[in-house]
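Report on the structure
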Number of protein chains: 2
Amino acid sequence: MQEELLILIDLTLVLLFAKGLEELMAHLKQPPILGDLLAGILIGPTILGLIRVTHNVAVIGWLGVVILIFLAGLETEIEELKRYGREAIIVALGGVVATFSFALAVSYFLGHPWLTSLFIAVILAPTSVSVTVATLMDLGLLRSRLGEVIVGAAVADDVYAMVLFAIVSSIISYGSIHLETLSHIVLGLTIILSAFILISRKSNIIVEKLVRHSHLTGSLHIYILIIGLVLATLSSYFGLSPLVGAYFAGLALGGIARSRHLREFYGFLVSLISPFFFVYAGILLDPWSIISSLELSSVFTVVVLIVAAGILGKVLGCGIAAKLVGLDTRSSMAIGVGMMPRAGVDLVIAVVGLTTGVLTMDLYFSALVLIYATSLSTPILLKVILGHK
Amino acid sequence: MQEELLILIDLTLVLLFAKGLEELMAHLKQPPILGDLLAGILIGPTILGLIRVTHNVAVIGWLGVVILIFLAGLETEIEELKRYGREAIIVALGGVVATFSFALAVSYFLGHPWLTSLFIAVILAPTSVSVTVATLMDLGLLRSRLGEVIVGAAVADDVYAMVLFAIVSSIISYGSIHLETLSHIVLGLTIILSAFILISRKSNIIVEKLVRHSHLTGSLHIYILIIGLVLATLSSYFGLSPLVGAYFAGLALGGIARSRHLREFYGFLVSLISPFFFVYAGILLDPWSIISSLELSSVFTVVVLIVAAGILGKVLGCGIAAKLVGLDTRSSMAIGVGMMPRAGVDLVIAVVGLTTGVLTMDLYFSALVLIYATSLSTPILLKVILGHK
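Everything numeric in this text was worked out from a predicted model, so none of it was measured.

**Observations concerning the overall build of chain A**
Regarding its fold elements, chain A presents 16 helices and 0 strands. What you see for chain A is a C-alpha radius of gyration of 21 Å, in line with the 21 Å of a compact globule of 389 residues. If one aligns the C-alpha atoms of chain A with their principal axes, the spans along those axes are about 60 × 55 × 50 Å. Out of the 389 residues in chain A, the part that is buried amounts to 58%.

What follows is the structure, given as structure tokens:
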């Protein structure tokens with residue numbers, strides 16, 4: 001068959017299944033991303049095996065996820081942290097520290113090398129609170145202290161996760177820490193940090209100049225995006241994941257990309273091309289390869305331990321931190337549960353781990369189980385905890 | 001290097017060079033597409049050889065061009081044909097028939113097999129009047145009879161070209177015409193025609209239902225696009241080029257996609273991803289392979305004859321047709337010259353020809369020379385003809 005026909009069939013299949021299952025998930029009040037992932041599991045090797053050239057999906061997927069993470073940076077509202085900033089920052093920190101430690105310990109206990117353990121620990125660290133936000137909205141509690149702490153903590157959480165990911169991805173790209181590689185890592189981090197500061201301060205002037213001298217229509221949209229892509233590629237060059245560069249570029253450009261119009265455009269773009277990434281994440285799952293190489297009982301142990309680390313880390317870490325900063329017990333429990341769900345940055349980091357060979361298939365599988373388990377249980381648990389207040 | 005880094009470097013390079021050279025072309029009042037093409041020639045094997053995995057550019061390029069052609073269909077304003085419809089339809093027909101015949105004769109004379117000759121004839125048939133429109137706007141003649149005939153003829157021209165392309169791509173996918181393959185071709189054309197009629201009539205109801213039951217934001221944009229992609233893939237399955245399906249899907253959906261908002265979105269999307277296709281078109285050019293296989297003098301002959309066929313076909317075909325429907329000599333000359341420029345559907349069809357192996361590199365090179373030659377000379381010639389009226 002001709003190259004372009006193969007490409008088109010793959011891409012059309014991905015979009016059809018992704019949007020169909022996104023609709024289903026949205027109907028079930030679950031995040032659309034779970035639909036994309038399910039679409040990938042369905043059309044990938046796990047079940048139907050319909051995709052002929054996975055690389056075709058990967059190309060658009062990588063572009064899509066860089067733009068998605070860039071947009072996540074762009075949309076990070078540091079203001080969300082203002083009202084209950086101290087509480088939110090501490091709650092997020094509690095969750096990240098606890099989850100990271102639990103996951104590291106569990107993975108080490110399971111006999112994984114320490115780089116792999118570091119990586120799964122980073123995967124488990126971030127949160128994705130869209131299910132929580134929807135549930136709190138249903139309960140009329142989104143604008144309560146509890147709600148605002150969770151929303152603020154999610155913002156802080158993203159930043160912690162990205163900093164952790166920057167450090168760990170940098171370590172992994174050099175394989176181990178020696179004095180020499182340490183200097184490379186520090187150099188990479190310094191360059192991204194400098195670019196971040198430079199763009200934060202000068203982006204207004206640079207972008208304005210670019211647009212004023214531009215002869216193209218819609219050039220503002222494109223140039224802002226290109227800055228993100230360039231910083232992503234740059235961070236990749238210096239041994240960090242491209243996503244780190246994309247995120248911090250977005251964070252730095254947030255100020256000039258405040259217009260609703262611009263964000264609507266990016267939102268549309270992301271809803272069109274980011275499914276390719278999450279479908280790709282589903283296609284990458286190959287449970288048959290785990291079963292052929294490991295015993296079923298040991299796969300079960302891995303999944304249970306990783307999922308437990310992911311859940312307990314957030315529930316205990318965030319819950320105890322919330323209690324410490326002065327929230328009542330019921331609210332603290334709700335915050336712990338509300339910070340549980342995944343299905344965002346965690347999945348992106350997991351795909352990076354799997355494709356670079358740091359992560360094993362059983363750990364990847366566990367991360368996906370954690371995503372579905374937390375996303376499906378959080379609304380129910382939150383309603384139990386908060387329902388009869 | 002890691003897969004995702006390679007992908008990102010290639011994609012970022014493409015966007016940077018494409019937008020830089022698009023700016024240059026826009027500054028020179030030339031269509032941006034010439035900048036994309038030049039970017040591809042620059043970073044491809046012709047000069048710098050920077051792109052490591054051409055396939056990465058091709059994947060997004062094919063998606064981009066399907067959306068571009070879909071959008072071209074969507075934006076086809078049949079109303080443009082109303083005022084001077086009869087004139088426009090005849091002028092376009094004159095140009096297409098003359099160019100097609102000249103190109104077929106020249107290619108046959110050069111010793112190419114008749115399928116290749118058919119293909120280069122289809123490539124030379126369409127027009128792309130953006131330079132003409134810009135020039136007429138400068139001269140204040142866009143809303144004159146002359147201007148309206150050209151704009152209307154360009155619309156008719158696109159439809160003729162797509163019908164020709166549908167027939168020829170269908171013949172080529174079966175290699176030759178026998179009674180049996182003829183029935184397949186007729187079947188393919190019938191299916192696309194039926195889908196076109198069905199969508200034209202029922203799309204309102206279908207899309208409205210989809211959107212009403214949708215739980216996703218911005219689903220209208222995505223679903224309309226998916227209909228285009230599905231029809232593109234379908235037409236590809238039945239031996240026609242996917243672009244034929246995309247174009248007619250767009251044409252059929254034009255009615256429900258009238259909103260400025262929706263088109264702005266698609267316009268942005270196209271300005272972001274269609275450069276990948278035209279850069280890819282530039283990367284595909286490999287003049288060194290021509291020089292190593294053919295003598296320089298014979299390459300020169302091919303280029304001169306093809307460019308002459310492409311120019312004379314439009315100037316004489318459209319010019320004489322314009323004269324016949326009652327325009328004065330000066331206007332008829334201007335119409336002939338104004339219909340000369342390429343750099344649109346023609347380039348897309350040329351890439352299809354090259355990647356499917358029907359087109360030889362020397363003919364592809366000639367098509368690119370024709371694009372630059374006509375686009376650069378049209379504004380000057382138009383001003384000479386019309387300037388001192």
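**A few points about the interface of chain B and chain A**
In this assembly, 45 residues from chain B lie in contact with 45 residues from chain A. Broken down by secondary-structure element, the contributors of at least two residues to the side of chain B that touches chain A are helix 1 (3-27), helix 3 (54-75), helix 9 (219-237) and helix 11 (260-284) of chain B. A total of 15 residues in the side of chain B that touches chain A trace back to one element, the largest contributor, which is helix 1 of chain B.

**Some thoughts on the environment of Thr132 of chain B**
Residues and elements named next belong to chain B. Counting through the fold element by element, Thr132 comes out in helix 6 (residues 130-138). Overall, Thr132 belongs to the buried group, with 27 C-beta atoms counted inside 10 Å. When the C-alpha positions of Thr132 and Leu216 are compared, they lie 42 Å apart, and in sequence the two are 84 residues distant.

**Considerations on the packing of helix 1 of chain B against helix 11 of chain B**
Residue and element names in this part refer to chain B. Across the interface, helix 1 lies against helix 11 with an axial gap of 10 Å and an inter-helix angle of 90 degrees. With respect to their mutual orientation, helix 1 and helix 11 come out roughly perpendicular. Here Val14, Leu15 and Ala18 of helix 1 come into contact with helix 11, specifically with Pro275, Phe276 and Val279. Across the contact of helix 1 with helix 11, the residue classes tally to 6 nonpolar, no polar and no charged.

**Structural notes on the packing of helix 4 (residues 85-109) of chain A against helix 7 (residues 145-174) of chain A**
Residue and element names in this part refer to chain A. Close contact between helix 4 and helix 7 brings their axes to 8 Å; oriented N to C, the two are set at 55 degrees. As summarised for this structure, helix 4 and helix 7 are arranged oblique, according to the angle between their axes. The handedness of the crossing between helix 4 and helix 7 comes out as right-handed. Mapping the contact onto sequence places Gly85, Glu87, Ala88, Ile89, Val91, Ala92, Leu93, Gly95 and Val96 in helix 4 and Val149, Gly152, Ala153, Ala156, Asp157 and Tyr160 in helix 7. Here the contact of helix 4 with helix 7 is built from residues that sort into 10 nonpolar, 3 polar and 2 charged.

**As for the relation of the copies chain B and chain A**
One copy of the chain maps onto the other through a rotation about an axis plus a displacement along that axis. Superposing chain B onto chain A takes a rotation of 180 degrees combined with a translation of 0.0 Å along the rotation axis, leaving an RMSD of 0.0 Å. What we have between these two chains is a two-fold relation. Mapped onto chain A, 100% of the interface residues of chain B are again interface residues, and the two copies thus contact each other with one and the same surface.

**Some details on the environment of Val351 of chain B**
All names here are of chain B. Structurally, the position occupied by Val351 is in helix 15 (residues 345-355). Residue classification places Val351 among the buried residues on the basis of 26 C-beta atoms within 10 Å. For the pair Val351 and Tyr280, spaced 71 residues apart in the sequence, the C-alpha separation amounts to 8.7 Å. With near-sequence residues (within four places) excluded, Val351 lies in contact with Ala281 and Leu284.

**Some details on the environment of Leu118 of chain B**
Residues and elements named next belong to chain B. With respect to the helices, strands and loops of the structure, Leu118 is situated in helix 5 (residues 114-124). Separated by 14 residues in the primary sequence, Leu118 and Leu104 have C-alpha atoms spaced 6.1 Å apart. Excluding anything up to four places from it in sequence, Leu118 contacts Leu104 and Val168.

**Focus on the nonpolar core**
Counting 295 residues, the largest nonpolar core has Val66 of chain A together with Val66 of chain B as the members making the most contacts within it. The leading source of residues in this core is helix 7 (residues 145-174) of chain B, at 16 residues.

**Quick word on helix 3 (residues 54-75) of chain A**
Counted at 1.5 Å a residue, the expected span for helix 3 of chain A with its 22 residues is 32 Å, and the 30 Å between its end C-alpha atoms agrees. For helix 3 of chain A, the tally of buried residues reaches 19 of 22 residues, placing the bulk of the element in the interior.

**Some details on the confidence of the model for chain A**
Scored by pLDDT, chain A comes out at a mean of 89, with 98% of its residues at no less than 70. Among the scores for the predicted complex, ipTM is 0.85 and pTM is 0.89.

**Considering unusual backbone geometry**
The phi dihedral of Ala343 of chain A is positive, around 100 degrees, even though this residue is not glycine. By the secondary structure assignment, Ala343 of chain A is in the loop between helix 14 (329-338) and helix 15 (345-356).

**Examining helix 14 of chain A**
All names here are of chain A. Burial runs high along helix 14: 8 of the 10 residues are buried. Along helix 14, the residues that are buried comprise Ser331, Ser332, Met333, Ala334, Ile335, Gly336, Val337 and Gly338. Those residues of helix 14 that are buried lie in contact with helix 4, helix 6 (130-139), helix 7, helix 13 (296-324) and helix 16 (361-386).

What counts and what doesn't
Residues numbered from 1 in each chain as written. Chains lettered and ligands numbered in written order. Predicted model: local features only at pLDDT ≥ 70, side-chain atom pairs only at ≥ 80, totals over all residues. Helix = DSSP H or I, 4+ residues; strand = E, 2+ residues; numbered from the N terminus. Rg over C-alpha atoms; globule rule 2.2 N^0.38 Å. Buried ≥ 20, exposed ≤ 12 C-beta atoms within 10 Å, placed from the backbone. Contact = placed C-beta atoms within 7 Å. Axes fitted to C-alpha atoms, helices over the stretch in contact; angles between N-to-C directions. Parallel < 35°, antiparallel > 145°, perpendicular 65-115°, else oblique. Nonpolar A, V, L, I, M, F, W, Y, C, P; charged D, E, K, R; others polar. Left-handed = near helix turned anticlockwise from the far one by under 90°. Least-squares fit on C-alpha atoms with pLDDT ≥ 70 in both. Core = buried A, V, L, I, M, F, W, Y, C linked by C-beta atoms within 7 Å. Expected span 1.5 Å × (residues − 1). pLDDT = per-residue confidence, 0-100.

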